[in-house]
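Single-letter residue listing:
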Amino acid sequence: LYVIRKDALTNQLVVGRQADLGSRALTATAVNWISAAAPKTPFRAQVKTRYTASEQAALVTPSAGGLAVQVAFDNAQRDITPGQAAVFFDDDVVIGGGLISMGVQELA
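Here is a short report on the structure shown in this document. (Residues numbered from 1 in each chain as written. Predicted model: local features only at pLDDT ≥ 70, side-chain atom pairs only at ≥ 80, totals over all residues. Heavy atoms only, no water.)

With respect to a negative patch on the surface
Next, step 1: Taken together, E55, D90, D91 and D92 make up a surface patch of like negative charges.
Next, step 2: Of note, D91 is situated in the loop between β7 (85-90) and β8 (93-100).
Next, step 3: Using a relative accessible area of 68% as the deciding quantity, one classes D91 as exposed. (Patch = residues over 30% accessible without salt bridge, like charges linked within 9 Å, V, L, I, M, F, W, Y side chains within 5 Å. Areas by Shrake-Rupley, 256 points an atom, 1.4 Å probe, with all protein chains shown as cover. Salt bridge = Lys/Arg side-chain N within 4 Å of Asp/Glu carboxyl O. Lys, Arg positive; Asp, Glu negative; His and termini not counted. Charge placed at Lys NZ, Arg CZ, Asp CG, Glu CD. Helix = DSSP H or I, 4+ residues; strand = E, 2+ residues; numbered from the N terminus. Buried < 20%, exposed > 50% of the residue type's maximum accessible area, 1.4 Å probe, protein only.)

Some details on the pattern of salt bridges
One side chain can pair with another of opposite charge once the charged atoms of both are near each other.
Next, step 1: In this structure the tally under the stated criterion is 1 salt bridge.
Next, step 2: Its salt-bridge partner being D74, residue R44 comes within 2.6 Å of it at the nearest N-O pair. Here R44, found in strand β4 (residues 43-48), pairs with D74, found in strand β6 (residues 68-77); they are 30 residues apart in sequence, far enough to count as distant.

Details of a nonpolar patch on the surface
Next, step 1: On the surface, L1, V3, L13 and V15 cluster together into a nonpolar patch covering about 420 Å² of accessible area.
Next, step 2: Within the element layout of this structure, L1 appears in the segment before β1 (2-7).
Next, step 3: Residue classification places L1 among the exposed positions, given a relative accessible area of 80%.

Some remarks on the sheet that holds β4
Next, step 1: The 6 strands are arranged β3-β6-β5-β4-β7-β8 in a closed barrel whose pairing can be described as antiparallel. On average, adjacent strands in this sheet sit at an angle of 45° to one another, irrespective of strand direction.
Next, step 2: For β4 and β7, the ladder comprises 3 bridges, and the chain directions are antiparallel. Looking at β7, one finds that V47 is bridged to F88. (Pairing = 2+ DSSP bridges. Axes fitted to C-alpha atoms, helices over the stretch in contact; angles between N-to-C directions.)

Let's talk about the side chain of S63
Next, step 1: Considering the arrangement of structural elements, one finds S63 in the loop between β5 (56-62) and β6.
Next, step 2: A distance of 3.4 Å separates a polar atom in the side chain of S63 from the backbone nitrogen of L67. (Polar contact = N/O pair within 3.5 Å; in protein donor to acceptor, adjacent residues only side chain to side chain.)

Remarks on the nonpolar core
Next, step 1: Membership of the largest hydrophobic core comes to 17 residues, with the highest contact counts inside it found for L26, V47, V60, V69, V71 and F88.
Next, step 2: Sorting the residues of this core by element identifies β3 (23-33), β4, β5, β6, β7 and β8 as the ones contributing at least two each. (Core = buried A, V, L, I, M, F, W, Y, C linked by side-chain atoms within 4.5 Å.)

Overview of the packing of aromatic side chains
Next, step 1: This model, assessed by the stated rule, comprises 2 aromatic pairs.
Next, step 2: Look at W33 and F43: their rings are 6.1 Å apart centre to centre, the planes differ by 70°, and that puts the pair in the edge-to-face class. Separated by 10 residues along the polypeptide, W33 in strand β3 and F43 in strand β4 bring together distant segments of the chain. Comparing W33 with F43, the two get one shared label, buried. (Phe/Tyr/Trp six-rings, centres within 6.5 Å; stacked < 30°, edge-to-face > 60°.)

Laid out in structure tokens, this is it:
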């Protein structure tokens, strides 16, 4: 079995099979925009969720203030971990990045 998620509020550890590990979406908060001002509309980017992972195609949807984003991957990703960084790329250019939070959340 594999750890699928941890729920600190209910003190639960959810386990499942290897096929249950993938996720197609995440929320990133405390986003910093490196190469330009915070975008106001969704955009396509390559997103990296850990240092050793390869970039993956995704749709990035910023919140109204640009401090959080929803990332919807084209393909399910393993090992999306809260507290790790999600970094957004346009080819070799870093667009920005933020901290992965628990699951997908409503953006304000």
